[in-house]
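Descriptive structure summary
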Number of protein chains: 2
Amino acid sequence: MVYVSPKATVLDPQGAAVEQAMKSLGHASVEGVRVGKTISFELAGEDTPETRAKIDELCDGLLSNPVIEDYRFEIEQG
Amino acid sequence: MVYVSPKATVLDPQGAAVEQAMKSLGHASVEGVRVGKTISFELAGEDTPETRAKIDELCDGLLSNPVIEDYRFEIEQG
């Protein structure tokens, strides 16, 4: 499972929109809404440094935009 | 932190598109890609059943579409 989130220093307009919507639904105390994404997938092979390097490559090049987003991933053995 | 993911029985076109892109980048063994979202925010108050009911209400009505998506949330004390 890959978790991608906007960097703390980057404006998150989607989060701001959701925050506005939450407030207008009466949840006035909501603050600091940030919207991220998750990508889950299955990959053949063992949990080796090579596999992790492959996943890093996918995360950096395709699943996240390293300029404005951070990512982390967790591997579950299936 | 709220985690929203497409229900297992629902087609996930965004996941299918990402899977195609991963395969075309040479990661042929990738399978079952699903794309979800996360929403993190701060809320004043204690972790009470009332707070959880409030978050459920937000999740059901605004943050997820209960027809096609599942959600779960975790509360971190700040």
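Residues numbered from 1 in each chain as written. Chains lettered and ligands numbered in written order. Predicted model: local features only at pLDDT ≥ 70, side-chain atom pairs only at ≥ 80, totals over all residues. Heavy atoms only, no water.

Turning to the packing of aromatic side chains, a few remarks are in order. A complete count under the given rule lists one aromatic pair over all chains for this structure. Note on Y3 of chain A and Y3 of chain B: the rings are 6.2 Å apart at their centroids and 75 degrees apart in plane angle, and the pair reads as edge-to-face. Residue Y3 of chain A is located in strand β1 (residues 2–6), and its partner Y3 of chain B is located in strand β1 (residues 2–6); the two belong to separate chains. Its relative accessible area of 11% is what places Y3 of chain A among the buried residues. (Phe/Tyr/Trp six-rings, centres within 6.5 Å; stacked < 30°, edge-to-face > 60°. Helix = DSSP H or I, 4+ residues; strand = E, 2+ residues; numbered from the N terminus. Buried < 20%, exposed > 50% of the residue type's maximum accessible area, 1.4 Å probe, protein only.)

Right, let's get into the pattern of salt bridges. According to the stated counting rule, one finds 10 salt bridges over all chains in the structure shown. Here D47 of chain A and R52 of chain A are joined by a salt bridge, their closest N and O atoms 2.9 Å apart. Taking the relative accessible area as the measure of exposure, D47 of chain A reaches 32% and is therefore partly exposed. Judged by relative accessible area, which is 34%, R52 of chain A ranks as partly exposed. The residue K23 of chain B makes a salt bridge to E31 of chain B at a minimum N-O spacing of 3.6 Å. Residue classification places K23 of chain B among the partly exposed positions, given a relative accessible area of 28%. (Salt bridge = Lys/Arg side-chain N within 4 Å of Asp/Glu carboxyl O.)

What follows concerns the pairing of β1 of chain B. Residue and element names in this part refer to chain B. With four of five residues buried, β1 lies mostly within the body of the structure. Two strands pair when backbone bridges link them, and β1 and strand β2 (residues 31–42) are joined in this way by three bridges, in the antiparallel orientation. Counted as the bridge partner of V2 is I39 from β2. With five bridges connecting them, β1 and strand β3 (residues 69–73) associate as antiparallel partners. Within the sheet, the bridge partner assigned to S5 lies in β3 and is D70. (Pairing = 2+ DSSP bridges.)

Moving on: the relation of the copies chain A and chain B. Note on the copies: chain A fits chain B at an RMSD of 0.0 Å, the axial shift is 0.0 Å, and the rotation between them is 180 degrees. Read as a symmetry element, the transformation amounts to a two-fold axis. Across chain A, the smallest distance between a C-alpha and the rotation axis is recorded for K37 of chain A, namely 2.0 Å. Residue by residue, 100% of the interface of chain A is reproduced at the interface of chain B, so both copies engage with the same surface. (Least-squares fit on C-alpha atoms with pLDDT ≥ 70 in both. Contact = heavy atoms within 4.5 Å.)

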